[in-house]
Amino acid sequence: MSQAHLAYESRVNLGSYYTPTDIVDIAWEMIAPYVHSQTIIIDSACGYGDFLKNCGQAITIGCDIDETAIDVAKKNNHKVRFFQTNALRNVSRTKFGIPQQSDLIVVGNPPYNDKTSLIRHSIKDIDFDIDEDIVSRDLGISFLRSYNKLEADLICVLHPLSYLIKPTNFRLLKEFTANYRLIEGLLISSWEFPESAKHTPFPIVLALYQRNTQGMEYNFIRSFRFRVADKSGFCLDDFDYITGYIDKYPKKNRPTSDDSLSSSVDGDVHRSENDDLLFFWTMRDINALKRNRTFVENYSANTIVIDKRKLDYYAYVDVFKRNLHRLPFYFGNCDVLIDDELFREYKPCFISDTVRHHPFLKKHFQINLTEEQQVASELDTYFKLLLGEHH
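Being a predicted model, the structure only gives us computed values, none of them experimental.

Criteria and cut-off values
- Residues numbered from 1 in each chain as written.
- Predicted model: local features only at pLDDT ≥ 70, side-chain atom pairs only at ≥ 80, totals over all residues.
- Heavy atoms only, no water.
- Helix = DSSP H or I, 4+ residues; strand = E, 2+ residues; numbered from the N terminus.
- Buried < 20%, exposed > 50% of the residue type's maximum accessible area, 1.4 Å probe, protein only.
- Contact = heavy atoms within 4.5 Å.
- Areas by Shrake-Rupley, 256 points an atom, 1.4 Å probe, with all protein chains shown as cover.
- Patch = residues over 30% accessible without salt bridge, like charges linked within 9 Å, V, L, I, M, F, W, Y side chains within 5 Å.
- Salt bridge = Lys/Arg side-chain N within 4 Å of Asp/Glu carboxyl O.
- Lys, Arg positive; Asp, Glu negative; His and termini not counted.
- Charge placed at Lys NZ, Arg CZ, Asp CG, Glu CD.
- Axes fitted to C-alpha atoms, helices over the stretch in contact; angles between N-to-C directions.
- Parallel < 35°, antiparallel > 145°, perpendicular 65-115°, else oblique.
- Nonpolar A, V, L, I, M, F, W, Y, C, P; charged D, E, K, R; others polar.
- Core = buried A, V, L, I, M, F, W, Y, C linked by side-chain atoms within 4.5 Å.

## What about the overall build of the protein?
At step 1: Helices and strands together make up the secondary structure of the protein, namely twelve helices and twelve strands.
At step 2: Here the protein holds 391 residues, and the buried ones make up 53% of them.
At step 3: Across the protein, contacts joining residues at least 24 apart in sequence account for 68% of those joining residues at least 6 apart.
At step 4: Of the roughly 18,300 Å² of accessible surface on the protein, a fraction of 46% belongs to carbon and sulfur atoms.

In structure tokens:
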């Protein structure tokens, strides 16, 4: 059921969004082999308690900071023991009456709300009292840390895929990843959550973690194959990324025209020398590329001063942006994908497309522009070869 009693601003700040029944059912399919009569199952951000409706003989606990949600949940789930409390404060098994020796499974869709994110920034007012050892800029990361503090044996929850695939976020989970290993991950679009689908869709993972003293390093995630409907799966290591070819972020000091760099490139494409500086907007992930510009004509704090030896690759990103409709949602938090050998083969078409959209760049490339129809055809071929079944 939708969290109907909450205004939109409260849903954003509490991260309270209805989880579709079919996703709840999949979560239960994941944990079913691990559930027995003495298993304790807890959803520590349970809302109306949808994840706790069909728990069989397991002992079930629901918790939420929202008093009204707990009142509704109690009416719908008579066998569940409910707590109206802040699950991120004074985190311990004792708080919920869970014996230390009991098998504990965490299930649910905890809030994930990065207070530093620009999306919905104007209405965010996050000020929760959180234990110092689990506090984070993102509520979702705090919840994952809290499950580690509870020493849960199994965890089956929804959270942004970016927690795992972005190295910075993965490092924030070091206490969690030291004790848990991902054993299954189903990728879901945020558009599956109609109350939150007001912006570019981002990938969510329904993740099943098992407590494991080996933990997991980032390389484990890079090689992990996530489950995707109607696909053989998605693995980061299946692709190369633009990070190794360009500068993604501005340098601290603005260079002068004396720092301008230029050189010739392989094949038929050549750049002129001793030109003025060129600028490119800061790059983050693919979803950010959807919102942001590429080449810009004026310097600012958010622009990269292009090393002209890498100009071809910035042209590649510019063209990639115009082809983002080819990518499924689960690439949203990745860097721009590239097959460098294939790109070199199709480079004149990329350059031609960039110059056609940014005429001021023409003087930087000594190239006979490819006909527009041929460009479209060859770019189509490149992206189909790059993406394969993901196209």
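## Concerning unusual backbone geometry
At step 1: Even without glycine at this site, Asn-90 takes up a positive phi of about 55°.
At step 2: Summarising the element assignment, Asn-90 is placed in the loop between β3 (81–84) and β4 (104–108).
At step 3: Even without being glycine, Glu-151 reaches a positive phi, approximately 55°.
At step 4: Positionally, Glu-151 belongs in the loop between α4 (139–149) and β5 (154–160).

## Some points on a negative patch on the surface
At step 1: On the surface, Asp-22, Asp-25, Glu-29 and Glu-192 cluster together to form a negatively charged patch.
At step 2: Tracing the backbone shows Glu-29 in helix α2 (residues 21–31).
At step 3: What makes Glu-29 exposed here is its relative accessible area of 58%.

## Description of the packing of helix α10 (residues 311–321) against helix α11 (residues 340–357)
At step 1: Here α10 crosses α11 at 75°, and the two axes come no closer than 9 Å. For the element pair α10 / α11, the angle class is roughly perpendicular. In this structure, α10 contributes Asp-312, Tyr-313, Ala-315, Tyr-316, Asp-318 and Val-319 to the contact, and α11 contributes Asp-340, Phe-343, Arg-344, Lys-347, Phe-350, Ile-351, Asp-353 and Thr-354.
At step 2: Classifying every residue of the contact of α10 with α11 by side-chain character gives seven nonpolar, one polar and six charged.

## Quick look at the nonpolar core
At step 1: With 117 residues, the main nonpolar core has Phe-226, Phe-234, Ile-242, Tyr-316, Phe-320 and Tyr-382 as its most contacted residues.
At step 2: A per-element tally of this core places α10 first, with eight residues.
At step 3: Non-local contacts of Phe-320, meaning those with residues more than four positions away in its chain, are made with Ile-286, Leu-289, Leu-327, Val-336, Leu-337, Phe-383 and Leu-386.

On their own, these measurements won't tell you what the molecule is for.
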